[in-house]
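Residues per chain are reported as follows:
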Amino acid sequence: MKNKKQHLNSFLFAVGVSGIDYMIKNSNGNFEKLFQGNISKAIIYYVLLFIVTFVLCEIVFEKIKKMNNRK
């Protein structure tokens, strides 16, 4: 059950990071400059950002879990 909760936390964190990145790029006007109107580039960028963030978050949670179990 705890593992499911960890995955949900990682998922929500990755969605939040992707959303904040989109809002920053969109408000600065850099979104159109960066992707030049090509929606497939934007999709690939945000999917990769989501995957990398999710995996890194999972790794960090596992490291924290191992450190807490040693005490």
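Overview of the structure. Owing to the predicted nature of the structure, the values given are computational and were not obtained by experimental measurement. (Residues numbered from 1 in each chain as written. Predicted model: local features only at pLDDT ≥ 70, side-chain atom pairs only at ≥ 80, totals over all residues. Heavy atoms only, no water.)

### What about the overall build of the chain?
Okay, step 1: Along the chain, the regular secondary structure elements total three helices and zero strands.
Okay, step 2: In the chain, the order of α-helices and β-strands from amino to carboxyl end is α-α-α.
Okay, step 3: Taking 2.2 N^0.38 as the reference for a compact globule, 71 residues should give roughly 11 Å; the C-alpha atoms of the chain span a radius of gyration of 16 Å, well beyond that estimate.
Okay, step 4: Burial status across the chain gives 18% buried among its 71 residues.
Okay, step 5: Element-wise, carbon and sulfur atoms account for 70% of the exposed surface of the chain, whose accessible area totals about 5,800 Å².
Okay, step 6: When the 11 positive and 4 negative side-chain charges of the chain are each reduced to one mean point, those points stand 10 Å apart. (Helix = DSSP H or I, 4+ residues; strand = E, 2+ residues; numbered from the N terminus. Rg over C-alpha atoms; globule rule 2.2 N^0.38 Å. Buried < 20%, exposed > 50% of the residue type's maximum accessible area, 1.4 Å probe, protein only. Areas by Shrake-Rupley, 256 points an atom, 1.4 Å probe, with all protein chains shown as cover. Lys, Arg positive; Asp, Glu negative; His and termini not counted. Charge placed at Lys NZ, Arg CZ, Asp CG, Glu CD.)

### Points about the side chain of Glu58
Okay, step 1: Positionally, Glu58 belongs in helix H3 (residues 39–70).
Okay, step 2: Aside from chain neighbours lying at most four places away, what touches Glu58 is Gln6, His7 and Ser10. (Contact = heavy atoms within 4.5 Å.)

### Structural notes on the pattern of salt bridges
Okay, step 1: Applying the stated criterion to the full structure yields one salt bridge.
Okay, step 2: Its salt-bridge partner being Lys25, residue Asp21 comes within 2.9 Å of it at the nearest N-O pair. You can see Asp21 and its partner Lys25 sitting in helix H1 (residues 2–28), four residues apart, about one turn around the helix.
Okay, step 3: The exposure class assigned to Lys25 is buried, which follows from its relative accessible area of 15%. (Salt bridge = Lys/Arg side-chain N within 4 Å of Asp/Glu carboxyl O.)

### A few points about the environment of Leu8
Okay, step 1: Relative to the elements of secondary structure, Leu8 occurs in helix H1.
Okay, step 2: As for Leu8 and Thr53, which are separated by 45 residues in sequence, their C-alpha atoms are 13 Å apart.

### Quick word on the packing of aromatic side chains
Okay, step 1: For the structure shown, the criterion picks out nine aromatic pairs.
Okay, step 2: Consider the rings of Phe31 and Phe35, whose centres lie 5.0 Å apart with planes at 65°: the pair is edge-to-face. Placement of both Phe31 and Phe35 in helix H2 (residues 30–35) is noted, with a separation of four residues, approximately one turn of the helix. Each member of the pair, Phe31 together with Phe35, is buried.
Okay, step 3: When the centroid spacing of 5.5 Å and the interplanar angle of 55° are considered together, the rings of Phe35 and Tyr45 count as tilted. (Phe/Tyr/Trp six-rings, centres within 6.5 Å; stacked < 30°, edge-to-face > 60°.)

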